[in-house]
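Geometric and topological summary
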Amino acid sequence: MNGHDAMLEDVAVYALGALPREQARAVREHLASCAECAAEYRRLKPAVDAVAYSAEACPDAASGAVVPNPRLKTRIMDEVRRSVPTRLSNVGEMRAVRPIVWPAYAVAAACLAVALITTAFNISLNEELHQTEAQVAQLGTHAKMLTRQVAAQNTELVDLTSSDSQHYAVEDGEVVRHGNRLYIAMDSMGTPPRGKVYQAWIMRKGAAKMTPSVTFMPDRKGIAVIHVPTQASQVAEVAVSMEPEGGSKQPTSKPTFIVKLT
Amino acid sequence: MSRVRTRDAAAFESLYDAYHRLVYGIAFRIVGEAAVAEDVTQTVFLKLWSAPERFDGGNFGGWIARVARNQALDIVRRKSHSETELSEAMPDSDLLEERVFSEIDAAQVRRAIAQLPAEQREPIELGFFGGITHAEIARRTGTPLGTIKTRIRTGLGKLRSALEGTVAV
Ligand SMILES: [Zn+2]
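Description of the structure in this document. All chains use their own residue numbering, which begins from 1 and follows the written sequence. Labels are handed out in written order, letters beginning with A for the chains and numbers beginning with 1 for the ligands. Two thresholds apply to this predicted model, a pLDDT of at least 70 for residue-level local features and 80 or more for giving and counting side-chain atom pairs, whereas whole-chain, interface and lining totals are computed over all residues. Note that the side-chain values use all heavy atoms of the structure and ignore hydrogens as well as water.

1. With respect to the pattern of salt bridges
Operational definition: Any Lys or Arg side-chain nitrogen found within 4 Å of a carboxyl oxygen on Asp or Glu counts as a salt bridge. In this text, helices come from DSSP runs of H or I with a minimum length of four residues, and strands from runs of E with a minimum of two, each type numbered from the N-terminal end. The buried label applies to any residue whose accessible area, calculated with a 1.4 Å probe on protein chains only, is under 20% of its type's maximum; exposed applies above 50%, and partly exposed to all values in between.
This model, assessed by the stated rule, comprises 17 salt bridges over all chains. Taking the shortest distance from any N to any O, the salt bridge between Lys73 of chain A and Asp17 of chain B comes out at 2.8 Å. Linking Lys73 of chain A in helix H4 (residues 70–89) with Asp17 of chain B in helix H2 (residues 9–31), this pair reaches from one chain into another. In this structure Asp17 of chain B comes out as partly exposed when scored by relative accessible area, which is 33%.

So, in structure tokens, the structure goes:
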């Protein structure tokens, strides 16, 4: 075996990630200048990727690694969603600009609608919101423009902040009506105990009993923005109570608020 | 992936759905404990979320597999305090790598690996999942270093051919 064959073998070991640091560096430098070794590396590297893939966890447990607990995803996605506003607030230009005085829930909604909105109705809005975020970040425009643009593309925020919206103050937040759309926007709700959620209720005009609506959870700061999927014109009262997970057919606890829409 | 760069949580979620079993599986194989493997998985994905620019193109699966391996080996190394000589962490960025296999199926790869002679399979798996150097593999298996190198190269070459025969390239 000549010297270069030995090098080709080192390339294989390097591709596997099993060389000590000094030797790995030597191989890396050699790869940059030797076409034959670079070709060998390219040939073998996908085999190493394949070795990695052989460990992929699968439900049949053939790999020995069962699939991870689904709670792991919840943990990670919670973290991801919580981190969105933090990142946005790091945009350099934002520091120089006086913050627009919006209710905390509206600012939070502008930054991370994804986490807060539980109804399917809003999912397409989130897409637009995030695209806008990206565009705005790229343009490097300041915070005022960011919030304005985001708001302009997001029906919900327009509804929440529009001057012709009706706002009904409730404890820890407000109910907002804009045209025929209805929202519950909370700023500082307590976290429900384990196994409990908040549930919205509506009293339809002329009805004698509350009708169950969506269930939801505030984020860690107690913020929640909920679209109530009923035409506002049909609703006489809105209430929220704490209920067991999955919701109830009738309120089982004293409502945290009831508000009449006038 | 480009949508994750724009901090799109929904896009991130679909990447998670597609790759979390790979990341978790590699971590589990290396650390051997479900709870630790979950921590590794969480760290890998949160790093991806906070610094998506670390992935600079190419084969995403291969990249995230390397990141998962490095992260899991880090933990094993921190715990072990052993004198064992350890291999170098794989570079995150690998400009030489081409995207060769468009789809890698774990079950298919496991079959291909199972078909390798044990004398080739063992050093490959020890090197990749054990994070030890070729010299350490030689010592543990009582095999001369030169032989180990040859077996690694031959085994990887066979694996490459076996996958080429069955996988879309
Ligand atoms: Zn060479």
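2. Section: the sheet that holds strand S7 (residues 235–244) of chain A
The strands making up a sheet associate through backbone hydrogen bonding, with each pair oriented either parallel or antiparallel. All names here are of chain A. We count it as follows: Strands were regarded as paired on the criterion that DSSP finds at least two bridges between them. Axis geometry follows a simple rule: fit a line to the C-alpha atoms, using only the stretch in contact for helices, then measure angles between N-to-C directions, giving values from 0 to 180 degrees.
As summarised here, the arrangement of the four strands in space is S5-S4-S7-S8, forming an open sheet in which the pairing is antiparallel. Each edge of the open sheet is held by one strand with a lone partner, namely strand S5 (211–216) and strand S8 (257–260). Pairs of neighbouring strands in the sheet enclose a mean axial angle of 20°, with direction left out of account. Note that strand S4 (residues 196–204) and S7 share nine bridges and pair antiparallel. Opposite Val197, over in S7, you have Glu243 as the bridge partner.

3. Describing the coordination of the zinc ion
Reference geometry at the metal: tetrahedral coordination by four donors gives ideal angles of 109.5 degrees; octahedral coordination by six donors gives 90 or 180 degrees. The condition that has to hold: Note on donors: an N, O or S atom is included if it sits within 2.8 Å of the metal, or within 3.2 Å for Na, K and Ca, and water is never included, so sites can look incomplete.
Protein ligation of the zinc ion involves His4 of chain A (NE2), His30 of chain A (NE2), Cys34 of chain A (SG) and Cys37 of chain A (SG), the donor distances falling in the range 2.0 to 2.3 Å. A relative accessible area of 12% means that Cys34 of chain A is categorised as buried.

4. Points about helix H1 (residues 3–16) of chain A
Residues and elements named next belong to chain A. Keep this limit in mind: Any helix carries an expected span of 1.5 Å times its number of residues minus one.
Compared with an ideal rise of 1.5 Å per residue, which puts 14 residues at 20 Å, H1 spans 20 Å between its outermost C-alpha atoms and is within 8% of the ideal. For H1, every residue scored as buried is listed here: Leu8, Glu9, Asp10, Val11, Ala12, Val13, Tyr14, Ala15 and Leu16. Gly17 lies just past H1 and shows a positive phi near 80°.

5. A short note on helix H5 (residues 106–114) of chain B
All names here are of chain B. As a reminder, the rule being used: The reported arc concerns the directions from the helix axis to the C-beta atoms and nothing else.
Looking only at H5, the buried set comprises Ala106, Val109, Arg110, Ala112 and Ile113. All buried residues of H5 project into a common sector of 160° when viewed along the axis, lining one side. Opposite the packed face of H5, turned more than 90 degrees from it, sit the exposed residues Arg111 and Ala114.

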